[in-house]
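# Residue-level structural notes
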Amino acid sequence: MSQPKSFQVLSRNNDVNGNPYRLLLVYDDEGTVIEAYEARSSSPNVRGALAKRGLRELWTFHLSPAEYNSTRKMAKPERAD
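What this report covers is the structure whose coordinates are included nearby.

Here is what the cut-offs are and how they apply
Residues numbered from 1 in each chain as written. Predicted model: local features only at pLDDT ≥ 70, side-chain atom pairs only at ≥ 80, totals over all residues. Heavy atoms only, no water. Salt bridge = Lys/Arg side-chain N within 4 Å of Asp/Glu carboxyl O. Helix = DSSP H or I, 4+ residues; strand = E, 2+ residues; numbered from the N terminus. Buried < 20%, exposed > 50% of the residue type's maximum accessible area, 1.4 Å probe, protein only. Phe/Tyr/Trp six-rings, centres within 6.5 Å; stacked < 30°, edge-to-face > 60°.

### Thoughts on the pattern of salt bridges
Scanning all chains against the criterion turns up three salt bridges. Its salt-bridge partner being R72, residue E38 comes within 3.8 Å of it at the nearest N-O pair. Here E38 is found in strand β3 (residues 33-39), whereas its partner R72 is found in helix α2 (residues 65-75), with 34 residues between them in sequence. Given a relative accessible area of 25%, R72 falls into the partly exposed group.

Spelled out as structure tokens, the structure:
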């Protein structure tokens, strides 16, 4: 099994109630997504938990809703809340 090496946060505009959309992808050393988490406002601190595991954080990107949803469907994230 591949070892996690880095993670990246992808975001999109907040929902109508102001709750954020955050998708966190964990990559192995070849750049393959091996874990994915969807973190909303009620979620635990997934970003902090991944950093504590010693993973390197990559650039954060803000996506359009369509790009975010397409990426989320491909990654099949676990809910973090």
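### Comments concerning the packing of aromatic side chains
Tallied over the entire structure, the rule returns one aromatic pair. Seen in terms of ring centroids, Y21 and Y68 are 5.8 Å apart; in terms of plane orientation they differ by 70 degrees. Their pairing is edge-to-face. One end of the pair, Y21, is in strand β2 (residues 21-28); the other, Y68, is in helix α2, with 47 residues separating them in the sequence. Like Y68, Y21 is buried.

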